[in-house]
Amino acid sequence: MELMETIKGRRSIRRYQSKEVPEEVLNKVLEAFQWAPSWNNSQCWELIIIKDAAIKEALQATMGKGNPAKKSITEAPLLIAICAKLKYSGYDKGEAVTQIGDWAMYDLGLANQNLCLMAHSLGLGTVVVAFFDHNRVNEILEVPSGYKALTIIPLGYPAADVKAPDRRKIGDFTHENKFRGTTD
Ligand SMILES: Cc1cc2nc3c(=O)[nH]c(=O)nc-3n(C[C@H](O)[C@H](O)[C@H](O)COP(=O)(O)O)c2cc1C
């Protein structure tokens, strides 16, 4: 698949077939995640692959009210919970080296997208899920302190095609030389 086709064709998939994801396909998706850039190559991530039905149900109960991805949590054959090691990326000897502080969100965002694009190119669907009770998810998955489960990504074969939501026009979010005006 050509890169632009992959980028534009990836959709958030919220309904899945029950078909299992073969181990070698999962490994390719994880390999795409592995090769993401990160602050000073910090790779501040830990991934939990979840297939257990009881754990999926417990995670589903943490979803925010009206979260459209709720069904996908139990329907997808597997979930990938993406955890960040906190205060590590963008830090040197325990001190933040930029005014931004923790770069974990950024690093994990890039790696999430690698994963989602690779999954799509292999015919799989994903959706980044982040609207849930993060403390409860940490408890369910026994994530140690100093780490946070940031997103849960269902992975599986899509049950149906999804229409692309609109995007802002390039001219509406690009500025020449200096930040001028907003689109609000
Ligand atoms: C950080 C982040 C959190 C998201 N959380 C959720 C979520 O909790 N539930 C959900 O259904 N979709 C979630 N999404 C998916 C977005 O709604 C989706 O990417 C957006 O509507 C654009 O649609 P597309 O991915 O099909 O292009 C999330 C996406 C991102 C990047």
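To start, this report covers the structure provided alongside it. (Residues numbered from 1 in each chain as written. Predicted model: local features only at pLDDT ≥ 70, side-chain atom pairs only at ≥ 80, totals over all residues. Heavy atoms only, no water.)

## So, the nonpolar core
Part 1: With 23 residues, the main nonpolar core has Val 21, Ile 80, Ile 82, Leu 108, Leu 115, Leu 124 and Leu 155 as its most contacted residues.
Part 2: Of all the elements, helix H5 (residues 104-121) adds the most residues to this core, at 6 residues.
Part 3: Beyond its immediate stretch of four places on either side in the chain, Ile 80 contacts Leu 26, Leu 30, Leu 47, Ile 48, Ile 49, Leu 115, Thr 151, Ile 152, Ile 153 and Leu 155. (Core = buried A, V, L, I, M, F, W, Y, C linked by side-chain atoms within 4.5 Å. Buried < 20%, exposed > 50% of the residue type's maximum accessible area, 1.4 Å probe, protein only. Helix = DSSP H or I, 4+ residues; strand = E, 2+ residues; numbered from the N terminus. Contact = heavy atoms within 4.5 Å.)

## Describing the side chain of Asp 107
Part 1: Within the element layout of this structure, Asp 107 appears in helix H5.
Part 2: Nearest to the buried, unbridged Asp 107 among oppositely charged side chains is Lys 85, at 12 Å. (Lys, Arg positive; Asp, Glu negative; His and termini not counted. Salt bridge = Lys/Arg side-chain N within 4 Å of Asp/Glu carboxyl O.)

## Concerning H5
Part 1: Along its 18 residues, H5 runs 26 Å from first to last C-alpha, staying within 8% of the 26 Å computed at 1.5 Å per residue.
Part 2: By the burial criterion, the buried members of H5 are Ala 104, Asp 107, Leu 108, Ala 111, Asn 112, Leu 115, Cys 116, Leu 117, Ala 119 and His 120.
Part 3: Where the residues of H5 are buried, they touch helix H1 (3-9), helix H2 (23-34), strand S1 (45-50), strand S2 (78-85), strand S5 (125-126) and strand S6 (147-156).
Part 4: Directly beyond the C-terminal end of H5, a positive phi value near 85 degrees is found at Gly 123. (Expected span 1.5 Å × (residues − 1).)

## Details of the packing of aromatic side chains
Part 1: According to the stated counting rule, one finds 3 aromatic pairs in the structure shown.
Part 2: On the basis of an interplanar angle of 20 degrees and a centroid distance of 5.5 Å, the ring pair of Trp 39 and Trp 103 is categorised as stacked. Of this pair, Trp 39 sits in the loop between H2 and S1 while Trp 103 sits in the loop between strand S4 (95-96) and H5; the two residues are 64 residues apart in sequence, bridging distant segments of the chain.
Part 3: Given a relative accessible area of 30%, Trp 39 falls into the partly exposed group.
Part 4: Consider the rings of Trp 103 and Tyr 106, whose centres lie 5.4 Å apart with planes at 80 degrees: the pair is edge-to-face.
Part 5: Classification of Tyr 106 as exposed rests on a relative accessible area of 53%.
Part 6: An aromatic cluster is built from Trp 39, Trp 103 and Tyr 106, whose rings are joined through pairwise contacts.
Part 7: Of note, Lys 19 hangs over the ring of Tyr 157, and the distance from its end group to the ring centre comes to 4.1 Å. (Phe/Tyr/Trp six-rings, centres within 6.5 Å; stacked < 30°, edge-to-face > 60°. Lys NZ or Arg CZ within 6 Å of the ring centre and 35° of its normal.)

## Quick look at the pattern of salt bridges
Side-chain pairs of opposite charge can arise whenever the charged atoms involved come near each other.
Part 1: Scanning all chains against the criterion turns up 4 salt bridges.
Part 2: Note that Glu 75 is salt-bridged to Arg 15, the shortest N-O span being 2.7 Å. Here the residue Glu 75 occupies a position in helix H4 (residues 70-75), and Arg 15 occupies one in the loop between H1 and H2, the gap between them amounting to 60 residues.
Part 3: Taking relative accessible area as the criterion, Glu 75 reaches 24% and is therefore assigned partly exposed.
Part 4: In this structure Arg 15 comes out as partly exposed when scored by relative accessible area, which is 41%.

## Details of the sheet that holds S1
Part 1: If you trace the 4 strands from one edge of the open sheet to the other, you get S1-S2-S6-S5, paired in antiparallel fashion. Bordering the open sheet on either side are S1 and S5, each of which pairs with just one other strand.
Part 2: Together, S1, S2, S5 and S6 form the strand contacts of H5, whose direction differs from that of S2 by roughly 155 degrees. (Pairing = 2+ DSSP bridges. Axes fitted to C-alpha atoms, helices over the stretch in contact; angles between N-to-C directions.)

## A look at the site of the ligand
Part 1: The environment of the ligand is formed by 14 residues, the closest being Arg 11, Ser 12, Arg 14, Asn 67 and Arg 167.
Part 2: Within the side chain of Arg 14, a nitrogen or oxygen atom sits 2.7 Å from an oxygen atom of the ligand.
Part 3: Classifying every residue of the shell around the ligand gives 8 nonpolar, 2 polar and 4 charged. (Near = heavy atom within 4 Å. Polar contact = N/O pair within 3.5 Å; in protein donor to acceptor, adjacent residues only side chain to side chain. Nonpolar A, V, L, I, M, F, W, Y, C, P; charged D, E, K, R; others polar.)

## So, the environment of Ile 153
Part 1: With respect to the helices and strands, Ile 153 occurs in strand S6.
Part 2: Taking relative accessible area as the criterion, Ile 153 reaches 0% and is therefore assigned buried.
Part 3: Here the alpha-carbon distance between Ile 153 and Leu 78, two residues 75 residues apart in the chain, equals 8.5 Å.
Part 4: Leave out the neighbours within four places in its chain, and Ile 153 touches Leu 78, Leu 79, Ile 80, Ile 82, Asn 112, Leu 115, Cys 116, Thr 126, Val 127 and Val 128.

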